[in-house]
Protein chains: 2
Amino acid sequence: MAKPVVSEAARRRRRPTRSGTVLSEALIVETALRMLREHGSAGLSARRLGAVLGADPSTLYRYFGGMDELTRAIGEELTGRALDGWRPGGDWRSDLRDLGLRIHRAYLAHPQAAVLTASRVTGRPREIAADEAVLGVLRRAGFPDGAAVRIYHAFIDQSLAFAALDAGSLALAAETREADEGLWETTYAHLPAEAYPHIAATAPLLAARMKDSAYPVALEMLLDSAEGELGRAGG
Amino acid sequence: MAKPVVSEAARRRRRPTRSGTVLSEALIVETALRMLREHGSAGLSARRLGAVLGADPSTLYRYFGGMDELTRAIGEELTGRALDGWRPGGDWRSDLRDLGLRIHRAYLAHPQAAVLTASRVTGRPREIAADEAVLGVLRRAGFPDGAAVRIYHAFIDQSLAFAALDAGSLALAAETREADEGLWETTYAHLPAEAYPHIAATAPLLAARMKDSAYPVALEMLLDSAEGELGRAGG
DNA sequence: GCCTTATGCCAACACCATTGACGTTATCGC
DNA sequence: GCGATAACGTCAATGGTGTTGGCATAAGGC
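Procedures and definitions
- Residues numbered from 1 in each chain as written.
- Chains lettered and ligands numbered in written order.
- Predicted model: local features only at pLDDT ≥ 70, side-chain atom pairs only at ≥ 80, totals over all residues.
- Heavy atoms only, no water.
- Helix = DSSP H or I, 4+ residues; strand = E, 2+ residues; numbered from the N terminus.
- Buried < 20%, exposed > 50% of the residue type's maximum accessible area, 1.4 Å probe, protein only.
- Areas by Shrake-Rupley, 256 points an atom, 1.4 Å probe, with all protein chains shown as cover.
- Salt bridge = Lys/Arg side-chain N within 4 Å of Asp/Glu carboxyl O.
- Core = buried A, V, L, I, M, F, W, Y, C linked by side-chain atoms within 4.5 Å.
- Contact = heavy atoms within 4.5 Å.
- Domains from an automatic or database assignment.
- Buried area = accessible area lost by both parts, 1.4 Å probe.
- Polar contact = N/O pair within 3.5 Å; in protein donor to acceptor, adjacent residues only side chain to side chain.
- Nonpolar A, V, L, I, M, F, W, Y, C, P; charged D, E, K, R; others polar.

**Comments concerning the overall build of chain A**
Next, step 1: When helices and strands are tallied, chain A shows 11 helices and zero strands.
Next, step 2: For chain A, the α and β elements follow one another from N to C terminus as α-α-α-α-α-α-α-α-α-α-α.
Next, step 3: Expressed as a percentage of its 235 residues, the buried residues of chain A come to 47%.
Next, step 4: Carbon and sulfur atoms provide 52% of the accessible area of chain A, an area that totals close to 11,500 Å².

Here's what the structure looks like:
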């Protein structure tokens, strides 16, 4: 076998690579993030990553079991950055809004990485911390446990789902340089009004809105509904 | 060059492949869908697809510009199936609910394919038809154009986003056979109550709810909010 | 029945992840 | 200080991938 994959903590003998750099889990993940950002999600490969690090591709297998494990490590790094600095204020609605937007923003800061990792549920420490935070906000707001769990589930999955979706289109746009956004001005704007009357009637509005993420609107609608339920039930 | 990619409509000289089958766009897409379902999202490759069809891999390039274009065709097929048989009834809310659940269901019927395609905006005919349908329901319900477009955007992106997210976990579960669902009974249920009081307090509720998709709840909340807005504005 | 050309096939290229064997050298116990 | 051990970087090779140019053939319009 070629892969005991010594844990990072037990790693002591750091030999510099042929080109002089000293490897580490953190350095590899960081470099991979930079490569994803600069060369797109297809630009990350063991060979290229090795080349950038000045190391043989096979060296990476001393640190990660495979590209899949590296991908999960990158995802961990992203979710970790999402919660950094968040503290609950007093208002449950703005707390949740802030949390949702933070998650969305953290993923979109690295679209190419997000699209690779966003759909993986890890169950790792920082993800659990986020879950606890959301549940806490809802229960303190006065939602009974059943409602709190239901709303929590919708909220967290909505955030992750939109993060992945928006990261996907952002990554695609950055890579192909051909504006998918322009699709609304070209294809959709010139559809025959008889066959597609509603699109034709709202084409300018569509063109203006489809450029941006729908997440803020969807999030606000979810909060609307929750607030309505809270008003009807408790106070 | 090797790829004029004759359009399906202009295709007339159908020569049977060495193994006797006669190729077509539809047959290729259909076969690809079956392969994705049976062998997972990593099981689809030009070579394997060719082998199953009894054709040389390069033959596929007479029908699609590349694997990327094939992927988009698969996505188009999925969205098409979502709309099959849908007719608007009288009530806008149940119309939208039905449409949303159809999209979600159509994608989840082919999780491996959905995970490849759900984040691609194709701009192809059947996708446009779906957009037109949603906009029509909203405008007929009495929403002013601005609100209709805003709600349409949130609705369609939320449907696709959840479809992709849920398909991802479904595909992962099917491939690795290790139940992610059990995560809530194992990891989360045994967290220290001091550090994670809210998770601990709601653990049984969480375990029961996290197994299912949050999409129906999120959809209903979106519809709640829209109905509230309609009530306040027009009557 | 001829001609054109669409279309299937072949061979080849460049890339990919992954692995096993091999040396070298950094660190630990003494 | 010194030797031993094994961590870890490197090399070479395997079997996969998408994609392309050239070629032969048969299908269909005339």
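From this point, the discussion proceeds with the structure in view.
**Concerning the pattern of salt bridges**
Residues and elements named next belong to chain A.
Next, step 1: The tally for this structure, following the rule as stated, stands at 18 salt bridges over all chains.
Next, step 2: We note a salt bridge from Arg93 to Glu227, for which the minimum N-O separation is 2.5 Å. In this pair, Arg93 sits in helix 4 (residues 92-108) while Glu227 sits in helix 11 (residues 215-233), placing the two residues 134 residues apart along the sequence.
Next, step 3: On the accessibility criterion, Arg93 (13% relative accessible area) is buried.
Next, step 4: Overall, Glu227 belongs to the partly exposed group, its relative accessible area being 40%.
Next, step 5: When salt bridges that share partners are traced, they join Arg93, Arg97, Glu220, Asp224 and Glu227 into one network.

**Describing the nonpolar core**
Next, step 1: Grouped together as the largest cluster of nonpolar side chains are 133 residues, with contacts concentrated most on Leu49(A), Ile74(A), Phe143(A), Leu49(B), Ile74(B) and Phe143(B).
Next, step 2: Here the element with the most residues in this core is helix 7 (residues 145-176) of chain B; it accounts for 15 residues.
Next, step 3: For Leu49(B), the contacting residues outside a window of four places in its chain are Ile28(B), Thr31(B), Ala32(B), Met35(B), Leu44(B), Leu60(B) and Leu70(B).

**A short note on the domain arrangement of chain A**
Residue and element names in this part refer to chain A.
Next, step 1: Assigned domains of chain A: these are domain 1 (8-65) and domain 2 (90-232).
Next, step 2: Opposite the six residues of domain 1 that make contact, domain 2 presents seven residues.
Next, step 3: Taking both partners together, domain 1 and domain 2 bury about 570 Å²; carbon and sulfur atoms supply 63% of that area.
Next, step 4: In this assembly, domain 1 and domain 2 are joined by one residue pair in polar contact (both at pLDDT 80 or more).
Next, step 5: Split by residue class, the side of domain 1 that touches domain 2 holds three nonpolar, two polar and one charged.

**So, the environment of Thr117(A)**
Residue and element names in this part refer to chain A.
Next, step 1: Checked against the element boundaries, Thr117 lands in helix 5 (residues 111-117).
Next, step 2: As a C-alpha pair, Thr117 and Ala201 span 84 residues in sequence and 38 Å in three-dimensional space.
Next, step 3: Setting aside residues up to four positions removed in sequence, Thr117 forms contacts with Thr71, Ile74, Gly75, Leu78 and Tyr107.

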